[in-house]
Amino acid sequence: MQDMDLKTSVKGQVLAINDLPTLPGVLDEVTKLVENPETSTEEIASVIVKDQVLSAKVLKMVNSPVYGFPGRISSIQHGLVLLGFNVIRGIIISTSVFDMMVQAMKGLWEHSLGCATASGIIARHAGFDDPEEYAVAGLLHDLGKVVTAVQLPELHQKILDTVEKKNLSYYRAEKDILGFGHDRINAWLGRHWNLPGNIRAAMSRHHSPHMADLYKSTCCVVHLGDFMVRLFEFGTSGDDQTSYLRPEAMKELGFKMSDMERCMDELADQLLDVSDVTF
Amino acid sequence: MQKIPIDLARPGMKLARPVERENGITVMAADMELTQPLIDRIQSMNIDRIIVHGHPVDMGGAMGGTKFDERLKRMPHLFRVYKKDKWMMMVQKRLESYFRIKAAAQAARAKALLREGQSDLEIEQAQVNGNGGEA
């Protein structure tokens, strides 16, 4: 019973709105603009450009090898046209939480970048449209872990200790200690920030893509991306083991092991290029 | 392939990727062999990292690029909790054979690179000796 109480109180703490990472005001403004179908990309770009530091960071990210555009994207408007608003929004979010992520968990930023790169490669290989959307979903898939580390540092340490002592995955340890995993926190964050459905689905279902009702393909891509980047141990997700590879995810993507190996060839090459992408 | 800080670049290393300035303009092509003047020029352009063939510098961590033999060795550890799961064991086996092949290819390339370097050295020495002979 006492245990139950701990879990409920923890939940409240995690979900305390005012302590959550704040997103730049620009984002709210832009989101409103997007809701109006009459808005042009010029108008949206002009709002983002007002924040010069943010614009520079966004341009740096869209030009990084994670998105794999051969040419140079030199303006926000150009980026919006090429990548779409969802991707730019995801990048703005990742810039806002970057400092926090780097401080909260060593290696998590690299893990996220790696997963983004892998997800882009997999989506391209599977022949999906707009692979950049999958990459952004990969970039944001572990944000919930940052929230635990920032809001509940003591419990976060306990999770890390449990991972080591009991030979558990981070995800299982979270469930043991908190009563729920980062996928739940992700789902909540996604709603709170009003993220697009595909990115929300991937954030909350990357550990259980077979149970996704919506955007199953995005969930499966990020699930496989997470698995692949762990094989290379590029960065760390707080784990000392691979994640469980769901055979259903491979089936959904129409992937055989040989397809995965082609993606791994590409990933091994590209990890070198993304290894020093920061904001 | 390895990404190295420009301070650690030495003449004789070969570029695995083109060197680009921040504005995206390529200044040196892949497969070019570095010389001291080239290294100085890269430095003066404020480019701080380049990607070269082989693993000439021991840096550890992500910058070192993927070492496939290391990946192969890590597989049993990473899959240790799935020993009773038939499917995951199958996946592990398949990945091990993948990394084994990649590791062999990587070792062969490293060897070839070394041979190339040695033969360059021999030619240089022969030139020095040869000049002595002509005189």
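Residues numbered from 1 in each chain as written. Chains lettered and ligands numbered in written order. Predicted model: local features only at pLDDT ≥ 70, side-chain atom pairs only at ≥ 80, totals over all residues. Heavy atoms only, no water.

Chemist: What am I meant to see in the overall build of chain A here?
Modeler: Helix and strand content of chain A: 16 helices and 0 strands. Against the 2.2 N^0.38 benchmark of 19 Å for 279 residues, chain A shows a C-alpha radius of gyration of 18 Å, consistent with a compact globule. For chain A, buried positions account for 56% of its 279 residues. Within chain A, counting contacts between residues at least 6 apart in sequence, those at least 24 apart form 67% of the total. Just so you have it, chain A exposes about 11800 Å², and 49% of that area is on carbon and sulfur atoms. (Helix = DSSP H or I, 4+ residues; strand = E, 2+ residues; numbered from the N terminus. Rg over C-alpha atoms; globule rule 2.2 N^0.38 Å. Buried < 20%, exposed > 50% of the residue type's maximum accessible area, 1.4 Å probe, protein only. Contact = heavy atoms within 4.5 Å. Areas by Shrake-Rupley, 256 points an atom, 1.4 Å probe, with all protein chains shown as cover.)

Chemist: For this particular structure, what's the right way to read the overall build of chain B?
Modeler: A count of helical and extended segments in chain B gives 3 helices and 4 strands. Overall, chain B shows an N-to-C arrangement of helices and strands of β-β-β-α-β-α-α. Relative to the globule expectation of 14 Å for 135 residues, the C-alpha radius of gyration of chain B, 20 Å, shows a markedly less compact shape. Over its C-alpha atoms, taken along the principal directions, chain B stretches across nearly 75 × 45 × 20 Å. Looking at the 135 residues of chain B, the share that counts as buried comes to 30%. When the accessible surface of chain B is split by element, carbon and sulfur atoms take 53% of a total near 8600 Å².

Chemist: For this particular structure, what's the right way to read the interface of chain A and chain B?
Modeler: How big an interface is tends to be stated in terms of accessible area lost as the parts join. Between chain A and chain B, the residue contacts involve 27 residues of the former and 33 residues of the latter. Of the roughly 2700 Å² buried at the junction of chain A and chain B (both faces included), carbon and sulfur atoms supply 56%. Summed over the shared surface of chain A and chain B, the number is 8 salt bridges. Salt-bridge contacts for lysine 102 of chain B lead to aspartate 265 of chain A; the nearest nitrogen and oxygen are separated by 3.0 Å. Taken together, the connections running from chain A to chain B amount to 18 residue pairs in polar contact (both at pLDDT 80 or more). (Buried area = accessible area lost by both parts, 1.4 Å probe. Salt bridge = Lys/Arg side-chain N within 4 Å of Asp/Glu carboxyl O. Polar contact = N/O pair within 3.5 Å; in protein donor to acceptor, adjacent residues only side chain to side chain.)

Chemist: Any chance you could explain the confidence of the model for chain B here in plain terms?
Modeler: Detail in the predicted coordinates should be disregarded across regions flagged by low pLDDT. Residue and element names in this part refer to chain B. In this model, chain B carries a mean pLDDT of 85, and residues with pLDDT of at least 70 account for 91%. Looking over chain B, one finds the lowest element-wise mean pLDDT in helix α3 (residues 86-134), namely 83, and the highest in helix α2 (residues 68-78), namely 94. Predicted complex, confidence summary: ipTM 0.84, pTM 0.84. (pLDDT = per-residue confidence, 0-100.)

Chemist: Looking at this structure, how should I read the domain arrangement of chain A?
Modeler: Residue and element names in this part refer to chain A. What the domain assignment reports for chain A is domain 1 (2-20 + 99-274) and domain 2 (22-96). A straight line from the C-alpha centre of domain 1 to that of domain 2 covers 23 Å. Between domain 1 and domain 2, the contact holds 21 residues from the first and 15 residues from the second. In this assembly, domain 1 packs against domain 2 so that about 1600 Å² is buried in total across both faces, 67% of it on carbon and sulfur atoms. Looking at the side of domain 1 facing domain 2, the largest losses of area belong to Glu132, Val136 and Trp193, adding up to 27% of the total buried there. On inspection of domain 1 and its partner domain 2, the count reaches 0 salt bridges. Our count for the contact surface shared by domain 1 and domain 2 stands at 1 residue pair in polar contact (both at pLDDT 80 or more). Going through the elements one at a time, α7 (108-126), α8 (131-140) and α16 (257-274) are the ones with two or more residues in the side of domain 1 that touches domain 2. The class makeup of the residues in the side of domain 1 that touches domain 2 is 14 nonpolar, 3 polar and 4 charged. (Domains from an automatic or database assignment. Nonpolar A, V, L, I, M, F, W, Y, C, P; charged D, E, K, R; others polar.)

Chemist: What should I look at first to understand the packing of helix α6 (residues 85-104) of chain A against helix α9 (residues 143-151) of chain A in this one?
Modeler: The geometry of a pair of packed helices is captured by two quantities: the angle between their axes and the separation between those axes. Residue and element names in this part refer to chain A. At their nearest, the axes of α6 and α9 sit 10 Å apart, and the two run at 50° to each other. Considering their axes alone, α6 and α9 lie oblique with respect to each other. In this structure, α6 meets α9 at a crossing whose hand is left-handed. For the pair α6 and α9, contact is made by Ile93, Val97, Met100, Met101 and Ala104 and by Leu143, Val146, Ala149 and Val150, respectively. (Axes fitted to C-alpha atoms, helices over the stretch in contact; angles between N-to-C directions. Parallel < 35°, antiparallel > 145°, perpendicular 65-115°, else oblique. Left-handed = near helix turned anticlockwise from the far one by under 90°.)

Chemist: How do you make sense of the pattern of salt bridges when you look at a structure like this?
Modeler: Side-chain pairs of opposite charge can arise whenever the charged atoms involved come near each other. Throughout the structure, instances matching the rule amount to 15 salt bridges over all chains. Where aspartate 142 of chain A meets lysine 145 of chain A, a salt bridge forms, and the shortest distance between an N and an O atom there is 3.1 Å. In this structure, aspartate 142 of chain A and lysine 145 of chain A share a single accessibility class: buried. Note that arginine 74 of chain B is salt-bridged to aspartate 240 of chain A, the shortest N-O span being 3.5 Å.

Chemist: How should the side chain of serine 204 of chain A be read in this particular structure?
Modeler: Residue and element names in this part refer to chain A. Among the secondary structure elements, serine 204 is positioned in helix α13 (residues 197-205). A distance of 3.0 Å separates the side chain of serine 204 from the backbone oxygen of arginine 200, its partner in a polar contact. Once residues lying within four places of it in the same chain are set aside, the contact partners of serine 204 are Asp183, Asn186 and Ala187.

Chemist: It is not clear to me how the state of the cysteines should be interpreted in this structure. Could you clarify?
Modeler: The bond known as a disulfide is covalent and runs between the sulfur atoms of two cysteines. Residues and elements named next belong to chain A. As enumerated under the stated definition, the model contains 0 disulfides over all chains in all. Of the cysteine sulfurs around cysteine 220, a residue in no disulfide, the closest is that of cysteine 219, at 6.6 Å. This cysteine, cysteine 263, is not joined by any disulfide, and cysteine 115 carries the nearest cysteine sulfur, 13 Å off. (Disulfide = S-S within 2.5 Å.)

Chemist: Even after reading the chapter, I still don't get unusual backbone geometry, so can you show me in this structure?
Modeler: Only a minority of non-glycine residues have a phi that is not negative, and only a minority of peptide bonds are not trans. Positive phi is not limited to glycine here, since asparagine 194 of chain A has a value of about 60°. Within the secondary structure, asparagine 194 of chain A sits in the loop between α12 (182-192) and α13. Asparagine 194 of chain A sits in the partly exposed class, given a relative accessible area of 48%. Notably, aspartate 31 of chain B is not glycine yet its phi reads approximately 75°, a positive angle.

Chemist: Whenever I open this one, the nonpolar core confuses me. Can you help?
Modeler: Across soluble globular proteins, nonpolar side chains show a tendency to be buried alongside one another. In this structure, Leu143, Leu224, Phe227 and Met260 of chain A together with Phe79 and Leu95 of chain B are the most contacted members of the largest nonpolar core, which totals 96 residues. Here this core spans two domains, since at least three of its residues come from each of domain 1 (2-20 + 99-274) and domain 2 (22-96) of chain A. When neighbours within four sequence positions are excluded, phenylalanine 79 of chain B is seen to be in contact with Phe227, Leu231 and Thr242 of chain A together with Met88, Met89, Val91, Gln92 and Leu95 of chain B. In terms of nonpolar packing, the next biggest core, distinct from the first, is built from 16 residues, Ile4, Leu34, Ile50 and Val57 of chain B among them. (Core = buried A, V, L, I, M, F, W, Y, C linked by side-chain atoms within 4.5 Å.)

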